[in-house]
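Coordinates in review
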Amino acid sequence: MTENGRLKVVNPATEEAIEEIATTSREDLDRTTERARRGFEEWRGFAGLDRAELFHEISANLRGHADELAEIMTREGGKPFIENRDEVTWTAACFDYYGEIARDNVGYLPAPIEAQQLALVIKEPVGTVACIVPWNYPLLLAAWKVAPALAAGNAVILKPSEETPLATRRMAELIEGLPAGLLQTVYGAGDVGDALVRHPGVDMVAFTGSQETGRKVGVAAAERLIPANLELGGKDRFIICDDVDVEIAAQGAVWAACLNAGQVCTSSERFYVMQSVVDDFVEASRSYVESLQIGDPMDKRTDIGPMINAKGREKVERHVGEAVQRGAKVIAGGERWGKRGFFYEPTILTGVEPSMTVMRDETFGPVVPVVEVGSLDEAIEQANSVPYGLGANVYTRDFEKMLKCMREIRAGTVWINDPLTDNDAAPFGGQKGSGIGRELGREGLEAFQESKHVHIDPKVEKKEWWYPYGPGEEPGQRTM
Ligand code: NAD
């Protein structure tokens, strides 16, 4: 929450304020972008190997502070400590990965127009990149942008969410050895994010957040004609075929829906289950959900922590409430949990309809709405029926079905029998309304590079296709 130039950070498990920090002013932004420009110039003088070595040191330093960073993230974001510790490890791995692949991605040689010539494509940095991220994975989602942007030679200004600035501030302190100004953080809510995107000292924006905000960021970037990489929300689907162990599929399904209290961009939010196994699936999901530990996210036994804030929980309540009012049945959960904190019970719904909000809009909470389907074609048709296209999960042992889902589901990622596993080395992002561009993998580096074509002819000679043209030439005889 921001008030009078101060950001109040609240622990979502207790609803108590943890700390207040100053937000970044317009004048601060001017100074920040100037420092970034100077850092950018100095960074040019670092060879690829030097950058890679620095990145490995950064990674080691983050790993060495994993408990401390995880604790801060848990206090400000409510995600269970266990998950936050994993997040620090993945964040560190992302620096290792980009430190190395950037050494191997400086350009290529296309065939020249004439044999004696040399054509080069040089990959260059864009300049100063504004990286704007949400609260659900504050360090990891920052690293997915910051590591490739820096590795590609850019300067970075990172704005964490107003909900979770503290772990990012600590991570920035732990990232040592870079030129002054190369990586800076700014703090505040949407007004600071908007001012950053519109600042003339910013050359590109890389944004992760909701579809609604992403649209605004995209428009602001388009007005300035700067590139915008947009990673937006989802409404991911989960298909369960009848050839699998339903117990395992149900546990995978509940995990994919309830991880981080359902606040993952790739949270599974719609479950299409084959008719012959639907009853077993619902029963197995109910018993698994009821075995989960809800509570203090600092406790290492806790499976489900609180939601981020009252607004997030109210949205889940609205979606579940509307579904129930229109005939859906609550099989488990469906209520707030505890006396304080923004907890919401993992919830299973049956009898849902495609027109219900819980099946159309991003819920971003721990809800498993189950739909019975008669065929894989029906499941895929319904899976593709919303304007989001981030991820999809399928459980089947049948290779033909795997291939069919792989080809026909419109999503940036299709996971088969292993829900939500990210891979630094493979691109991540959304089709349809879930985003523009990709993070991770080579594409995640190239997103932060400009291509420059250099055409060299070592001989200084007059070309035969220059003036004068002369009469009688047939079309196609001239080279260009
Ligand atoms: P949000 O869109 O409210 O905010 C995201 C960030 O944008 C925050 O830092 C916020 O301060 C900033 N912001 C807000 N208004 C802005 C503006 N006008 N200009 C510039 N910046 C602005 O999202 P959130 O609630 O923080 O995060 C949840 C959303 O993020 C969900 O929709 C989720 O699906 C999505 N998400 C997507 C991915 C992905 O990789 N596709 C990953 C995680 C989360």
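Residues numbered from 1 in each chain as written. Predicted model: local features only at pLDDT ≥ 70, side-chain atom pairs only at ≥ 80, totals over all residues. Heavy atoms only, no water.

Topic: the packing of aromatic side chains
Under the defined criterion, the tally for this structure stands at 9 aromatic pairs. Ring geometry for Phe55 and Phe95: centres 5.5 Å apart, planes at 65°, overall edge-to-face. Placement of Phe55 in helix α2 (residues 48-64) and of Phe95 in helix α4 (residues 81-101) is noted, with a sequence separation of 40 residues between them. Of the two residues examined, Phe55 and Phe95, each falls in the buried class. With 5.0 Å between their ring centres and 65° between their planes, Trp337 and Phe343 make a pair best called edge-to-face. Judged by its relative accessible area of 32%, Trp337 is partly exposed. Joined through ring pairs, the aromatic side chains of Phe238, Phe271 and Tyr395 make up one cluster. (Phe/Tyr/Trp six-rings, centres within 6.5 Å; stacked < 30°, edge-to-face > 60°. Helix = DSSP H or I, 4+ residues; strand = E, 2+ residues; numbered from the N terminus. Buried < 20%, exposed > 50% of the residue type's maximum accessible area, 1.4 Å probe, protein only.)

Looking at the nonpolar core
Looking at soluble globular proteins, one finds that nonpolar side chains tend to be buried together. Ranked by size, the top nonpolar core spans 138 residues in total, and within it Phe95, Tyr98, Leu178, Ile239 and Phe281 carry the most contacts. When residues of this core are assigned to their parent elements, the largest contribution, 11 residues, is made by helix α5 (residues 138-151). Filtering out sequence-adjacent residues up to four positions away, Phe95 remains in contact with Phe55, Ile58, Ser59, Leu62, Ala143, Val146, Ala147 and Ile175. (Core = buried A, V, L, I, M, F, W, Y, C linked by side-chain atoms within 4.5 Å. Contact = heavy atoms within 4.5 Å.)

Some remarks on the site of the ligand
Residues in contact with the ligand amount to 28 residues; listed here are only the nearest, Glu162, Ser210, Thr213, Leu232 and Glu362. Measuring from an oxygen atom of the ligand, one finds a side-chain N or O atom of Lys159 at 2.8 Å. Between Ser210 and the ligand, the recorded distance is 2.7 Å, taken from a side-chain N or O atom to an oxygen atom. When the ligand sits alone it has 860 Å² of accessible area, and the protein chains cover 89% of it. Among the elements of the structure, α7 (190-198), β9 (204-208) and α8 (211-224) are those that each provide at least two residues to the shell around the ligand. A per-element tally of the shell around the ligand places α7 first, with 3 residues. (Near = heavy atom within 4 Å. Polar contact = N/O pair within 3.5 Å; in protein donor to acceptor, adjacent residues only side chain to side chain. Areas by Shrake-Rupley, 256 points an atom, 1.4 Å probe, with all protein chains shown as cover.)

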